[in-house]
Each structure stands twice: as structure tokens, then as C-alpha cells.
Amino acid sequence: MRSTFSGLEIAKRSLFSQQTALQTTGHNIANTNTKGYSRQVVNLVASRPLEAVGMSSSAVPGQIGQGVEFSAINRIRERFLDSQFYNENKNYGDWSVRQDTLEKLETIMNEPSDTSIRTVMEKFWNSWQELSKAPENLTARAVVKENALALTDAFNHVSGQLSDLNSDLTENIKVKATQIDTMLNQIVSLNKEIRRVEGLGNDANDLRDQRDLLADDLSKMINIKVTDTANGYNITMGNTGLVTGPTLNANVDSDFLEDAVTSGELTSGEVRGLIDSRDNVVASFQKQLDTMVKTLVEGDVKVTLPAGSVLRAGTDLNPSAAPVTLSADTEVTVKGINGLHQLGYSLNGDITSPGEPFFTLKDGATEFSAASITVNPKITKNVENIASSLRTFNDTDGTTKVVKGNNGLALLLSGLSTKSFNFDPANTGETVLNGGTIDEFFRAFVGEIGVQSQEAQRQASNQKLLVDQVDSRRQSVSGVSLDEEMANMIKYQHAYNAAARSMTSFDECLDKVINGMGVVGR
Amino acid sequence: MPGRITQNMMNTQLLTNLNGNLNRMTGLQNQLSTSRKINKPSDDPVGLSYSMRYRSELAGYDQFEKNVDGAVSWLDYTDTMLGQADSVLQRIRELTVNAANGTNPEDALKAVQQEVDELSGQLVDIANSQFNGKYVFNGELTDRLPYSKTNPEDSVTDSGEIHFQVGVGTQIPINVTGNTVFGNANPEENLFGVLKELSGSLQAGDQTNVSALLGKLDSRLQQMLNVRSELGARTNRVELAQDRLKDISINLQNLQSKTEDADMAEVITNLKTQENVYESSLSAGSKLIQRSLLDFLR
């Protein structure tokens, strides 16, 4: 025998369950645009049917259903897609940072244009040609000086920009480290909270979404592996544990990350991209530029001194005590612009002491580089100190004087632009070009930036496609579809209305029993 | 494409595609506004290295052209000076021929002598002529007076050659030395020595010697002519170099333009196509997104 009121109970359960489903639908709709949100579904199950209460088993055939209940509210998500997403996202982070750095390098090099280092260099060589046309003229000398200053300024400026880029990257690594640290801390506290909530038997869907979103963001910055355990997420970077359930294993700062690169644990992600950009890309190009400047100033190069040139006494080329006049064209090896300039004679008439170097180091510097090069202050103060002549003559009064109209040195110096230098005397294999003209070296250098940048752009856009693809598959599983939710809403609303109708029907039945029965003959 | 599609997926897809369209349009617009297809090294690293080489070489050839202009004006100036010297010498020869004619009275010879002295002075001035403040006939000692006013016949000029660079590895000497033009510093072949002797003979009325000197004058004239023809040949060579440089410059500009310049017709066509694609994706977007089941529910 059943309870008279069991029909009401069934209708009530149905009302509650459909309402919960409606509420969850509302929750889904509300979070359509929430980042990292996974749609939730109410798991409706039929209630356990009851045996009729009695001393013996009921004779009534069949079990009578007791309506509906919901067993859980689940979020729809596929873990496999998450790990795929982390994998693609780290590479995307890595390449997008490289692309960014290389694009900045391209801007710094400013090619092709008429305002780059190459242009300043052309003007420098050409100014020596101008000087060769009027060696006794101070104006032509001033042109050489100004162009030399423009050249050293350009080198100093580009070198400064490269150093700035370098420190920007370091600064970025620090910022990323702080972000990573904050995220890991958030994941740890979410781990704790999720364990607490789920310990009570509920699904902490929204908290899990938050945690997954953090893991998504983290996966762009470093390579992570996420394992879901009973205690929450364990997060590792390579073999380094970062988070184990409720405990934080590492305090992430920039030193930690740089050590991880050295030990090979940090293999990808934005941070790896930043560290590589700084230590390999930018550092390498800075080194190339320094090599170019150093070679230009003091690298070995062969020049042919014309017959009639007078070599100073007591130099490498002429160790004897008296000056030597060359009787034939002679090929000699000199040390870059400085070595060649020191062979020449300037308007100041000095013929005994060794010639002045053209470029000098800035105060405190020990080696020629793009940052340390400057024009000899003696030349900037007095352009007469620029050497242009290779000849001396004995004047009628018996003194030896400089032939001011000789342009041999100016011609040789401007000719250095087509001379082949050795950029890698120590055979390190680190230069973009072993031997060639300064111009060729610079072209190879800029070309290298172009090739690397092109590669980074291609990789970054490929990787972006892959990330988008995985994300879209994830969206396909977890994303909220408004159409679906609206259809569900209709479904649940109708069920709710029908449940209410069935309650009314039971109500009418009871009304009949209570108010309409036992009044026979009244 | 996965089976289940949500509005947000369509939104993301639309945004990605729109962004791609915009990116391509920016690239094309950049090409259009700069009229170059290489705007940064990564656009075409190989093309860029060619383009940089053409630019450098162009700058070099521009300088050579300037050098050639300088060489031409120096050679022209020298030629003008030699032309003047030539006419002065012709006048002296005329006078000498007249003076050698035995009928001249002594005072006439005096007058001739005066004029010859004047003309000799003028020749020394020509030998000491300056171009842009530089003595042209003193080799590389361009800052020193080559011929002394009093004893020009003893002056030794510098033998240095001034070279101008008119091409890669091509240098052309652009000066002639005073001693080549006017003879070495010995009285036998030096023009100024001959003139001094002429002046002395005129003063002494030694007409025999005057007519004997005519031969020497002629040989000096011949020498000057030789130098002038050599100068002319050199000027020809420089002018040839000038033409060649212009040709090379034009060729280089052509090559640079082929490497760097965008094909405008192509760029504009592509840009128009991209604009169409962009507009259609925009309108597709507006149509896709505006309707959902929501619109059909009461």
C-alpha cells in the first residue's frame, strides 16, 4: 500500500531537479564569455524505487518509480586536450618572444634605408676620396672628421640600443618570474580549497576552471607538466617540481629560472625565449658588431704602398734608424685603419714620431668595440692631424718636410672599403663571415638577422595556428553553446511546468479524497 | 573541425581570420606606401643583401663621378694654362723671327727684348698658376711656388703624380709637372733658360745667336705640344670613365629597383583583393553572429 502523498513527493522532487537544471543552464549562459569556463551539466537520475511498506512483499506487480534526483553537477572537459594545449602553448610563447626580439633588432639595424650604419660608413669612405682630391685643404679634412664622428656615433648608438634591448629582456624575465611565482601560489591555494570542497563530496567545478586557466597561462611562460592527483595538481617543469598538491616546492625568481635553463629543465616558453634572446641572439649580434668595429680599426689587411712612399724609421715595417723611400710598389700588411693611418704624414709636419691612430678608445675601455670606439681627440681638436700623405722631401734649407699635396694615404684608406679583412683571426667560427670586406660582413650580419627573424615569424605563426586549433577543439568540448543552452532551457522549463501540472493533478485527487468523499447522501 | 560548434568558437575563428586579413593588408599597404617590397630584413633576406650591395656600390660610384668631375676640371684648367703658354710662346717666336731679321735697328731690338722679358714673366706666372689654391705644375708639392721669379731656369719641380680614383682600382694621374712642360733645369733644354739667353742676345744685338735660338724655341714648342696632346688623351680617358660610370650607375639603379621595388600593379591588385576578402569576412561575421535560437523563442 502506498502513501497517499507519494505523488506530491514525486512532483516536488521533479520541480527541484528541473529547477536545478534550469539554474545550471542559467549559470552556463551567464558564463558564456568567461575565460576558462567549462560548461556544466546536471546529472539527473531516477530516484530509487521504494518497496511498498508492509509485513510481506507487496503483491502489486512492478516497482513504482519515485521520481527524479540529481546525482552530481559535472563540468565537461577533456584532460588530454589540456596537456596538448600546454605543449603547443609553450612553443608559441617561446617563438613569439624570439620574433619580438628579432623584429626589434631589425628596427635597430634599420635596413634597407639611407640612414643606417652602412650609409654612414659609405660617407666615411667617400670623405677620404674627397680628401684625396684636396689633401692640403682643411675643409676636406673637416668633412673626414665629421663623417668619422658620425660613424663612431652610429656605432656607439647602435651598441647602446643593443645594451638597452639586453636590459629590457632582463627586466622582462624578472617580471615573468614574479608572475609565475604568483600563479604557482594561486594554484597551491586552489589545490587546498578544491580538496576541502571535494572532501565534502561536491564537485568544485568553478574552482577547477580557475585552476586550469592558471595552468593555461603558466604553460605559455614555461614548459610545465600537470598531473591531477587526489591532493590536487602536481606541476613540474622538466624534472623540477614546482607544486605538489597543497605545497609549493620552489620559490621562482629570475635566478631560479636562469639556473633552470643551464640545467636544461627550462626548455621552452616565453621565459626560455627571453633568456635565449638575450644570451644568444642579442649577445651574438652585439659580438658581431664589436668584431666588425675591432677588425675595421685594427684587423690585419694588405695594402700596396706606391713607389716613392717614405716609411718612418723605427716602425714594424722599417725597423732601421733611417727613413726608407720605397723604390717600387710594395704590398704590406697593416693593422686596420689605425695601422694604415699611422704610416701617413699629416699637415702638422711631424715626420719622426710614430703617426697618430685615427680611432681611439673611450676612457676606461681596453678593447675596440662598437661602444668604446671614438675618433682620436687630437684629430677632433685639429683636423691637421689627419694623415693623408705618404711622402716627405728635403727642402732647400736642408730640413725634411711633408709633401702636403700627396694623397697616397687618403687613397689607400678609402680603398680599404674594398679590401678583404680577416674577421676571425683566432678561428673561433663565431663570426658570420671569416674573411671579406667590411661591407660584406655587415651585409652578412644584417642578412643573418633577416633569416632568423623570418624563421621566428614563420614558427610563431605556425605555433599560433596549432594553439588556436587545440583551443578550438577544447572549446568544442567545453565551450557554452547558446543554442544548446536555450534548447535545454525549453526542455527543463517544460519539464518544470509539467511537474507543476502533475502536482496540481495530485492536489485535485487529494481534494477529492479530503473534501469530496464521505458525503454520500448529504 | 570538431563536431560541436559554439558561438564563441565562431567568434574566435572570425577574429583570427579578420586579423589575418588585416595583417596581409598592412603588409600590402606598407609596400604600396613605400613602393618597396623589402622594408625590413626579414621580408627577403637574400634580396636585402643584394639591395644593400647595390646601394653601397651606387654610393661608391656617385663618389667616383664626383672624382671624375674634379679630374676633368683639373685637366681642363691645365690645358687652358698650356694653351696660354703656347700662345705666349708663339708670340715670342714671332718676335724672335722678326728680331733675327738683320735689318732691325738696335733700339728695335731693345723693344723686342723688353717685350720678350714681359712675355717671359708671363710664362713664369703661367708656370706658377694655381687651381683652387694649388700650384698645378709642382707635382705633389702643391703648396709651394714651383718657379722662382728671378731664376726660373734653375727651379726643379716635384715629380710626384697626383692620382684621382675614377673607379674601383682605377687611378688616373691628373697633373703634369713643370719640368715636363718647360724642360728640365739645365740651360740647354729649359724654356726659361732659352728665354734668358734670348733676352741677353737681344740686348747684346747678337742676331746670329738670336736666330740660332729659334731652333731651341721650336723644340720647346714641340715639347709643349706633346704634353698637350698627352693631356688631351688623358682627358679622353677620364671622359670615357665618366660615361662608363654613368652607365654602371644606371645599371645598378635598375638592379636595385628590380630587387627592392614593388610591382605596383600587382600590389594594388592584391590589396584590392584583400580589401574585398576583408569586407566579405566582415559582412559574413555580422550575419553569422547576429542570430541564435534566442531570436526565435517567444
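It should be noted that the structure appears before, not after, this text.
All values reported here derive from a predicted model rather than from experimental measurement.

Draft legend 1. Up close: the overall build of chain B. Assigned secondary structure in chain B consists of 7 helices and 4 strands. Helices and strands in chain B line up, N terminus first, as α-α-α-β-β-β-β-α-α-α-α. Expected size for 298 residues packed as a compact globule is a radius of gyration near 19 Å; at 39 Å, chain B overshoots this value by more than 25%. Along the first, second and third principal axes, the C-alpha set of chain B runs to 140 × 30 × 25 Å. Per-residue burial over chain B gives 33% buried out of 298 residues. Looking at chain B alone, contacts between residues at least 24 apart form 69% of all its contacts between residues at least 6 apart.

Draft legend 2. Highlighting the overall build of chain A. Looking only at helices and strands, chain A features 12 helices and 18 strands. Against the compact-globule benchmark of 24 Å for 522 residues, chain A has a radius of gyration of 41 Å, which places it well outside the compact range. The C-alpha extent of chain A, read off along each of the three principal axes, is 165 × 40 × 30 Å. Here chain A holds 522 residues, and 42% of them are scored as buried. In chain A, the proportion of contacts linking residues at least 24 apart, taken out of those at least 6 apart, comes to 68%.

Draft legend 3. Structural context of the environment of A:Arg196. Residues and elements named next belong to chain A. Here arginine 196 lies in helix 4 (residues 138-199). Assessed through the 12 C-beta atoms surrounding it within 10 Å, arginine 196 is described here as exposed. Spatially, the C-alpha atom of arginine 196 lies 72 Å from that of glutamate 122, the residues being 74 residues apart in sequence.

Draft legend 4. Expanded view of the interface of chain A and chain B. On the chain B side, the residues contacting the 46 residues of chain A number 45 residues. Secondary structure elements with two or more residues in the side of chain A that touches chain B: helix 2 (79-109), helix 3 (117-133), helix 10 (408-415), helix 11 (438-478) and helix 12 (482-516) of chain A. Considering each element in turn, the side of chain A that touches chain B owes the most residues, 15 residues, to helix 11 of chain A. When its residues are assigned to classes, the side of chain A that touches chain B shows 13 nonpolar, 20 polar and 13 charged.

Draft legend 5. Seen up close, the nonpolar core. Residue and element names in this part refer to chain A. Within the largest apolar cluster, 107 residues are counted, with the highest numbers of intra-cluster contacts made by Ile187 and Val293. No other element matches helix 4, which puts 20 residues into this core. If sequence neighbours within four positions are ignored, isoleucine 187 has contacts with Arg211, Leu214, Tyr233, Ile235 and Val243.

Draft legend 6. Fine view of helix 3 of chain A. The terminal C-alpha atoms of helix 3 of chain A lie 25 Å apart, and with 17 residues this matches the ideal 24 Å at 1.5 Å per residue to within 8%. Of all the 17 residues making up helix 3 of chain A, 14 are buried; the element is thus mostly covered by neighbouring parts of the structure.

Draft legend 7. Quick look at the sheet that holds strand 4 (residues 232-237) of chain A. Residues and elements named next belong to chain A. Spatial strand order, 3-4-5-6: 4 strands in an open sheet with antiparallel pairing. Two strands close off the open sheet at either side, each with one partner strand: strand 3 (225-229) and strand 6 (247-248). Looking at chain direction, strand 3 and strand 4 are connected through 5 bridges and run antiparallel. Following the sheet pairing, valine 226 is matched in strand 4 by isoleucine 235. Sheet strands in contact with helix 4 are strand 4, strand 5 (240-244) and strand 6, and its direction is about 155° off that of strand 4.

Draft legend 8. Inspection of the packing of helix 3 of chain A against helix 10 of chain A at higher detail. All names here are of chain A. Two numbers describe how helix 3 lies on helix 10: the axes approach to 8 Å, and their chain directions differ by 160°. One finds that helix 3 runs roughly antiparallel with respect to helix 10. Crossing of helix 3 over helix 10 shows left-handed handedness. For the pair helix 3 and helix 10, contact is made by Trp125, Trp128, Gln129, Leu131 and Ser132 and by Ala410, Leu411, Leu413 and Ser414, respectively.

Draft legend 9. Up close: helix 10 of chain A. Burial of helix 10 of chain A is extensive: 8 of the 8 residues sit out of reach of the surface. Of all the positions in helix 10 of chain A, only A:Gly408, A:Leu409, A:Ala410, A:Leu411, A:Leu412, A:Leu413, A:Ser414 and A:Gly415 are classed as buried. Structurally, helix 10 of chain A contributes buried residues whose contacts are with helix 3, strand 7 (300-305), helix 8 (336-343) and strand 14 (387-389) of chain A together with strand 3 (163-167) and strand 4 (170-173) of chain B.

Draft legend 10. Seen up close, unusual backbone geometry. The omega angle of the peptide bond from A:Glu111 to A:Pro112 is -10°, so this bond is cis rather than trans. Mapped onto the elements of the fold, A:Pro112 is located in the loop between helix 2 and helix 3. With phi around 55°, A:Asn427 is a residue other than glycine that occupies positive phi space. Structurally, A:Asn427 is set in the loop between strand 17 (421-422) and strand 18 (435-436). Overall, the presence of 9 C-beta atoms within 10 Å leaves A:Asn427 in the exposed class. With a phi angle near 55°, B:Ser35 is a residue other than glycine that sits in the positive phi range. By the element assignment, B:Ser35 lies in the loop between helix 1 (7-34) and helix 2 (45-100).

Draft legend 11. Highlighting the pairing of strand 4 of chain B. All names here are of chain B. Direction of pairing for strand 3 relative to strand 4: antiparallel, over a ladder of 4 bridges. Bridging from a neighbouring strand, histidine 163 pairs with proline 173 of strand 4. Adjacent in sequence and paired antiparallel, strand 3 and strand 4 are bridged by 2 residues, among which glycine 169 carries a positive phi angle near 75°.

Draft legend 12. Quick peek at the environment of A:Asp82. Position of A:Asp82 among the secondary structure elements: in helix 2. Between the alpha carbons of A:Asp82 and A:Arg474 there is a distance of 7.7 Å; along the sequence they are 392 residues apart.

Here is what the cut-offs are and how they apply
Residues numbered from 1 in each chain as written. Chains lettered and ligands numbered in written order. Predicted model: local features only at pLDDT ≥ 70, side-chain atom pairs only at ≥ 80, totals over all residues. Helix = DSSP H or I, 4+ residues; strand = E, 2+ residues; numbered from the N terminus. Rg over C-alpha atoms; globule rule 2.2 N^0.38 Å. Buried ≥ 20, exposed ≤ 12 C-beta atoms within 10 Å, placed from the backbone. Contact = placed C-beta atoms within 7 Å. Nonpolar A, V, L, I, M, F, W, Y, C, P; charged D, E, K, R; others polar. Core = buried A, V, L, I, M, F, W, Y, C linked by C-beta atoms within 7 Å. Expected span 1.5 Å × (residues − 1). Pairing = 2+ DSSP bridges. Axes fitted to C-alpha atoms, helices over the stretch in contact; angles between N-to-C directions. Parallel < 35°, antiparallel > 145°, perpendicular 65-115°, else oblique. Left-handed = near helix turned anticlockwise from the far one by under 90°.

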